[in-house]
Structure formats: structure tokens, C-alpha cells
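Spelled out, the chains give:
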Amino acid sequence: STTRLKNPFNIDLDYIINGQDYQGYDKIKLSNVIQDPSFLREIMSYEIARKYMPASKANFVNLYINDTLLGLYTNVEAVNKEFLSNHYGSRNNTFFKGNPATLDLNGENANLSNSPGADSVNYYPFYNLKSDFGWTDLYNFIDTLNNHVSSLENQLNVDQTLWMHAFNYSLINFDSYVGYAQNYYLYQDDNGLFNPILWDLNMSFASYRLTDDSDFWSGFSIAEAIVSDPLAHFNSVSVYPRPLMRNVFNSERYRRMYMAHIRTIMEENIVNASYYNRGLELQALADSSVMNDTNKFYSYTDFQNNLTNMVTDLIDYPGLTQLMDARAVYLQTLPGYQGFPTLDTIDIVGPHIVGSNLAITLKVADADTVLLAYRFADRSVFEKLQMYDDGMHGDGIAGDSVYGATIPEVANTIQYYFYAENDSAGKFAPVRAAYEYYTLKTQIAPQDLVVNEFMASNVLSVTDQNGEYDDWIELYNNTTAVISTSGLYLTDTLGMLTKWPLPSVIINPGDYFMIWADKDSDQEGNHANFKLSGSGEFLALSYADETIIDSVSYGSQFDDFTTGRYPNGTGPFQFLYPTFSYTNSITAINESERIAIRLYPNPTKDLLIIATEQPVEIKTVRISTLLGDAVIFENLPASNQIDISSLADGIYVIQLYSDRQIGAKKFIVTK
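A few points on the structure. (Residues numbered from 1 in each chain as written. Predicted model: local features only at pLDDT ≥ 70, side-chain atom pairs only at ≥ 80, totals over all residues. Heavy atoms only, no water.)

The subject of this paragraph is the overall build of the protein. On a plain count of helices and strands, the protein comes out with eleven helices and 37 strands. If you line up the protein on its principal axes, its C-alpha atoms span 95 × 75 × 55 Å. Out of the 671 residues in the protein, the part that is buried amounts to 52%. Residue pairs in contact within the protein that sit at least 24 positions apart in sequence constitute 63% of those at least 6 positions apart. As displayed, the protein offers around 28000 Å² of accessible surface, 49% of which is attributable to carbon and sulfur atoms. Side chains of the protein give 42 positive and 80 negative charges; the mean places of these two sets differ by 2 Å. (Helix = DSSP H or I, 4+ residues; strand = E, 2+ residues; numbered from the N terminus. Buried < 20%, exposed > 50% of the residue type's maximum accessible area, 1.4 Å probe, protein only. Contact = heavy atoms within 4.5 Å. Areas by Shrake-Rupley, 256 points an atom, 1.4 Å probe, with all protein chains shown as cover. Lys, Arg positive; Asp, Glu negative; His and termini not counted. Charge placed at Lys NZ, Arg CZ, Asp CG, Glu CD.)

A separate point is unusual backbone geometry. Across residues other than glycine, the phi torsion is negative in most instances, and most of the peptide bonds are trans. Between Y566 and P567 the backbone carries a cis peptide bond, its omega angle lying at 0°. Within the secondary structure layout, P567 lies in the loop between β29 (562–565) and β30 (573–576). With an omega of -10°, the peptide bond between Y600 and P601 qualifies as cis. Take P601: it is sitting in the loop between β31 (597–600) and β32 (607–612). One non-glycine residue, V33, lies in the positive phi region at around 60°. Along the chain, V33 falls in the loop between β2 (27–31) and α1 (41–49). With a phi angle near 55°, S581 is a residue other than glycine that sits in the positive phi range.

The four strands lie next to each other as β1-β2-β4-β3, forming an open sheet whose pairing is antiparallel. This sheet does not close on itself; its edge strands, each paired only once, are β1 (9–12) and β3 (58–65). In this sheet, neighbouring strand axes are inclined to one another by 35° on average, regardless of whether the strands run parallel or antiparallel. Both β1 and β2 contribute to a ladder of four bridges, which runs antiparallel. Within the sheet, the bridge partner assigned to F9 lies in β2 and is L30. (Pairing = 2+ DSSP bridges. Axes fitted to C-alpha atoms, helices over the stretch in contact; angles between N-to-C directions.)

Moving on: the pattern of salt bridges. Counted under the stated rule, the structure contains 14 salt bridges. Residue K6 is joined to D293 by a salt bridge in which the shortest nitrogen-to-oxygen separation is 2.6 Å. Taken together, the residues span a long stretch of sequence, with K6 in the segment before β1 and D293 in the loop between α9 (274–292) and α10 (300–305) at a distance of 287 residues. Overall, the relative accessible area of 1% leaves D293 in the buried class. For E82, the salt bridge is made with R91, and the minimal N-O distance between the two is 3.2 Å. For R91, a relative accessible area of 10% puts it in the buried group. Through salt bridges that share partners, E252, R253, R256 and E421 make up one connected network. (Salt bridge = Lys/Arg side-chain N within 4 Å of Asp/Glu carboxyl O.)

Across its 19 residues, α9 extends 28 Å between first and last C-alpha, which sits within 8% of the 27 Å expected from 1.5 Å per residue. A286 marks where α9 bends most, by close to 50°. Listed as buried for α9 are Y275, G279, L282, Q283, A286, S289 and V290. For α9, the secondary structure elements touched by its buried residues are α1, β3, β4 (68–76), α8 (252–271), α10 and α11 (320–331). (Expected span 1.5 Å × (residues − 1). Bend = angle between axes of the 7 residues up to and from the residue.)

Here we come to α11. Under the 1.5 Å per step criterion, the end-to-end length of α11 is 16 Å for twelve residues, consistent within 8% with the ideal 16 Å. For α11, the set of buried residues is L320, T321, L323, M324, R327, A328, Y330 and L331. Check the buried side of α11 and you find it contacts α1, α4 (158–170), α5 (222–226), α8 and α9.

Moving on to the packing of aromatic side chains. How two aromatic rings sit relative to each other is set out by the distance from centre to centre and by the angle between their planes. This structure, assessed with the given rule, holds 38 aromatic pairs. With centroids separated by 5.0 Å and ring planes inclined at 80°, the aromatic side chains of W472 and F580 adopt a geometry described as edge-to-face. In this pair, W472 sits in strand β20 (residues 471–477) while F580 sits in the loop between β30 and β31, placing the two residues 108 residues apart along the sequence. When its relative accessible area of 25% is taken as the criterion, F580 is described as partly exposed. The ring of Y73 is capped by K6, whose NZ or CZ atom sits 5.3 Å from the centre of that ring. (Phe/Tyr/Trp six-rings, centres within 6.5 Å; stacked < 30°, edge-to-face > 60°. Lys NZ or Arg CZ within 6 Å of the ring centre and 35° of its normal.)

The next subject is the sheet that holds strand β8 (residues 194–198). The strand order β6-β5-β7-β8 describes an open sheet built from four strands, whose pairing is antiparallel. Two strands close off the open sheet at either side, each with one partner strand: β6 (127–129) and β8. Each strand axis lies, on average, 25° off the axis of its neighbour in the sheet, ignoring direction. As judged from the five bridges shared by strand β7 (residues 184–188) and β8, these two strands associate in the antiparallel manner. Each residue of the ladder has a partner; that of Y184, found in β8, is L198. Set on the sheet, helix α2 (residues 81–88) makes contact with β5 (95–98), β7 and β8; between it and β8 the angle comes to about 120°.

What follows deals with a nonpolar patch on the surface. A cluster of nonpolar residues, Y15, I16 and I17, forms a patch on the protein surface that exposes about 410 Å² of accessible area. Relative to the helices and strands, I17 is located in the loop between β1 and β2. Its relative accessible area of 48% is what places I17 among the partly exposed residues. (Patch = residues over 30% accessible without salt bridge, like charges linked within 9 Å, V, L, I, M, F, W, Y side chains within 5 Å.)

Moving on, we come to the nonpolar core. L112, Y127, F141, F167, Y258 and L323 are the most contacted members of the largest nonpolar core, which totals 99 residues. When residues of this core are assigned to their parent elements, the largest contribution, nine residues, is made by α8. Other than its neighbours up to four places away in sequence, Y127 contacts F96, K97, G98, N109, A110, N111, L112, S113, W135, L138, I142 and Y184. L449, V451, L488 and I515 belong to the second largest nonpolar core, which has 25 residues in total. (Core = buried A, V, L, I, M, F, W, Y, C linked by side-chain atoms within 4.5 Å.)

At a minimum axis distance of 11 Å, the contact between α8 and α11 shows a crossing angle of 145°. The handedness of the crossing between α8 and α11 is left-handed. Within the contact between the two elements, α8 uses I262, M266, I270 and V271 and α11 uses M324, D325, R327, A328 and L331. Taken together, the residues of the contact of α8 with α11 sort by class into seven nonpolar, no polar and two charged. (Left-handed = near helix turned anticlockwise from the far one by under 90°. Nonpolar A, V, L, I, M, F, W, Y, C, P; charged D, E, K, R; others polar.)

To continue, consider the environment of K384. Among the structural elements, K384 can be located in strand β14 (residues 383–387). Residue classification places K384 among the partly exposed residues on the basis of a relative accessible area of 44%. Separated by 84 residues in sequence, K384 and E468 have C-alpha atoms that sit 41 Å apart. Excluding anything up to four places from it in sequence, K384 contacts L372, A373 and Y417.

We now examine the environment of N106. The residue N106 is located in the loop between β5 and β6 in this model. N106 sits in the exposed class, given a relative accessible area of 54%. For the pair N106 and S457, spaced 351 residues apart in sequence, the C-alpha to C-alpha distance is 61 Å. Ignoring anything within four residues of it in the chain, the contact list for N106 reads W217 and Y240.

See below:
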């Protein structure tokens, strides 16, 4: 607003200098703390949310402009590509903000209904595309959400959705998908699942009271906020469609899981009064800054009081404890909150051997169904197994309340959690699942996973996703079992074995994992925080405890040649023609990989004509001296003729590259 001094700021630190950031952040989003006399709502809300789902960091900032204090702001981490990389391991997939261009107070807004029809163009006014593409992905997701709910788990991170709804209803954050269907993001991860992400929490704790789009469509009082039904969009009405709630809540199991998440949020933050204690800490931290803020929208007394007592301005702002203590009492009376099963003793049956089956048991009381969810890497989708108490699933005696299940062909890392339910309620273990989980690890043996090949001088061999000729490293799984890279590190420095943590992925038996050694960690893909030296150095794969799994010390490298193991995966290191993410080979030994070359005239002085003895599409030609220095490196002309008039007299080597074949031959230049 041009009529007030204290306005919000959105600052791009890389606006002039591309790539510029501060401590890894290239955007600063400052909120002016309007509609929050306590100054606490946004920061406390994000702190609570981060326990259960990916959510922004937030803190206080004293903002000075030209050495003049403008006031105390809240600084909230932007939900941008850096945020996506940190939480989802990718950054360029389909990404939207549910943020209508014009908010319709009597309309559907970004509610994810299919009312606009089958043409994705009709959705443009309601969703802000943040990626380079994605409208088809969004429409397909909306179609599934509205018409094919039985397939929803193939397109939606249901658990993160339940956590978002649980957060919004627990803390009465209705300026969100709940109210006018706005202030959230959707990101499609590498598994093809859409993940909802919270945004704009300054009006949580019932500072916003315009609508819940259900029983309190026309607005609600503090008293009504306290008793707002977290299943109103299932138990009652949706004035405008809310399929991300109503259609998800149609599942009885999802409703129990949702109420279990609400119970966790309330018990871990509200019932135990930890939110109040944290409020006191933040209040003390901000006290002098609030006092010195001459542009704040409320008085210093209002700030002091609003943690516990109502402040009246244009509306009544409830004291946080006044609101939430009563909210906790109300929620505890709802179906699904009480009467949950008791999950007790976990037992791992037998040794954790990579590639073998592993039985797990859990002692549970008062359950009808018990599930074990597991995966082998951080961002993989959890697989679910039903556990049984029938004496036939490694569970001991039938009916003894010990449930068992067996995870097949386990990797070296297992991440898992449990969920149990009865007719009344559900319970997770750990209670913050699936955002938190139990982890079981065993070390792989040396040579199970190896540095198989690397290129330390990539001039014109292969490019990364950004078209750059960067160094690269190839890992290879030598075993017949799945291997997880969770907890593994790569380094080029002997004294710093944990230099770069590998992204947590699964490498299948006999498969490859490629890393770009280019220091471009902000790019899409797997980019290490170091480069390889073409003059020689050290390369190692290790654990956090500095146990080395595989290593190599290498000398000076030739341009566009690699150093790799031959035979593939097991042999000693030697110079090779590059086989990026492919079986290592030596042309003199593996005839199927060799391009037979004919050169004429040879000797020559100005022009070299190239022919091959078999049909093959040559892509790249490299001519080098006998010492390996490249003198010509180019794509093969259509004429199959290379101008070598610039070369001095001598013996040279010409190398030809196709997608999977290579060839080499010597020729003589004489003037």
C-alpha cells in the first residue's frame, strides 16, 4: 500500500548478479506482520509444521532502509527451486502455486475441482505455473482427484496431504485450501506424486475468520473457531467443492490417519504447553524490536498481551493460549482422537543381510489391522505390507498380539514405520510418520559398490542436463541385490572423506549411478561439490565413519578418455574410451565395440577422408598427437572429410565415436 510505511518486501538477491545468494538463499520474503498483534503466529506455525512436512524456515528481521529502521518483519523462506531441491531432490518438475489471479469470494478459486472442464487453458486464471511446463500434469491430477479416487495414491502424496489438512485444522489456519482455496503450492516429485506445500501462515491461530467454506461459510467467531470440525468437508457441506478434502476423506482409513496426525500435532505442541513456552521465548527475543518498531500496526501492549489474551482492533484477535487450550479440549472429544491401538515392542528377526528377506515383528494391543511400510531410499515411495498375528508370518504364537511381516530382498538401508487401527482410531509409530521413520542400516562389503569409471578432462565427450561438458563419475553395483546410497559419501580429498553426501537413491543389481563432478549443486541432477583434476588426484567412496568402500589414486588424464575398471566392475583401473553409464570395454579386446576405419590418402597433407567397414553413425571425430593432446575435435562433416592442413608433419591418432562404439587408427601428415 502506498499509504503505509511498513510494506512487505520480496527481494531477489540474484536479480543483478546471476547465482548470487546469502547462505544458500537467493530470495528474501519479508512480511510486515499485519493482522498479528502477537508477532508470533507465522514463526510458531512454521516451526510446528516443519516437524511433520516440508515447510519454510522463518525468523525475525529488523529491516533498515538507508540506515533508517522500518520495523520488525518476519522473514520466511521462499518455496522456490532451492526449497524443492532440499526437500524433494529435484527442482524442475511440474510446480504450481494455488493462487488465483483474482480471488473470487463467491467462487471456487484454486480448489482443484474439475469445474473448468477438460481444457487446461480454463485453469490458467486459478493456478500460477512456476515450472517450464505442467498444465497437462495438473489437469490429469485434477481428473484423478475428482473422477478416479481409487487411483489417487498413484498421483498424490496422500500422507503429506493429510498432514497439511491436520495442520490447518489444528491451528485454525483457514486462509488456506480450507477457506478460499489459496495459499498453497503443488510440486510433482520424481515419483510422479503431487505434494501440497503450506504457504502464508501469518493468519493462523484464527487471525483469519472469513470462511471455512462449510458450516461457517459467512465467517466465524472465536468461539466457533474453537469448535470447528476438522471433518466438516466430509461430515457436513462444502459450499464450493473441496475435493482434496472431501474425496480424500471418503476413505475411512484416511480419516483415521488424519485424526491420528491431528492428535500428534496437538499432543506434541499444545496439550503439553510447549507452544506456550516457545511463545514466551520468541516474545522475549522480539521484545525490544517490537518496542522500537514505530510503524507496527498494533501497540506494544497488544504484543505483550496477545500470547495469552484477546486483542481487539478491526477484529478480535484471540490470545494464542486462550484459543488453543480450548481447541485441544474440543478435539480430544472427537471420534478418531481417542481409543487408538497401542504399539509397543519392535523386534528385527534375524540378521540384516543385503539381498535376503528380513522379518519384523511388532507387539500391538487393540488393533484390527496392522501395516508395515518400508522403502530403501529417502525419497522412494513406501511399500506397504499387512502384518499378521496368525503364527504363520514369523510372529510367534497366533493370537499373542505380536504381528509379523517379511520385507523381501532388503537393501543395506531400510526405512520403515508402522500403522495400526481399529474401529475407533489409528496410530502411527513413530507418530510423525511418514515424514519421520525408523531406519535400519548395515554396511555393504568392499567392491559391492565401486567407482567404475570417471572422466577428469571432458572436452567434448558427453554433456550434463545443462549442455555442459563436465567431469563425471560412474558408480556400479557389483551385486545381485539392491544397494542404497543413503549415508554414503564421495570425495576427492583424502583428509575429507565426507566431502559430498550422495543423494539417497537405489542402485539396482548390475546398474550404474552417474554423478557430475562440477561444483554445480544448484543444477538439476546429481552434481558433486567438487571437480576432478585432470592432472591426477584421489577419489573415494566411503561411509560417514570414514570406512572406505572403494578408492582410486590416479595420474594425469587424457582429454575425453576415461579411467575405468576392466573387466567392468571388478578389474584394475586403466585408460578407456568413455562408456557413460554403460559396460566398460577396450576396443582391442571387444571387437563388437570397435569401429573398423579406413583412411585415405595416408600419408596425407591437406585432407583426410574417412570410411568405415560397417554401417555406423559417427558423431564425433577426435584427432590427437601420440602424446594424447587433442588438435582437432569436431562433429564429422557429411562429406566424411576432415581438413588437416593446419597440422604439422608427424604421426597422429584419429578416434571416431558413435553412441556405443568407438574406433581409432593412426595416420601420417607430411607436407
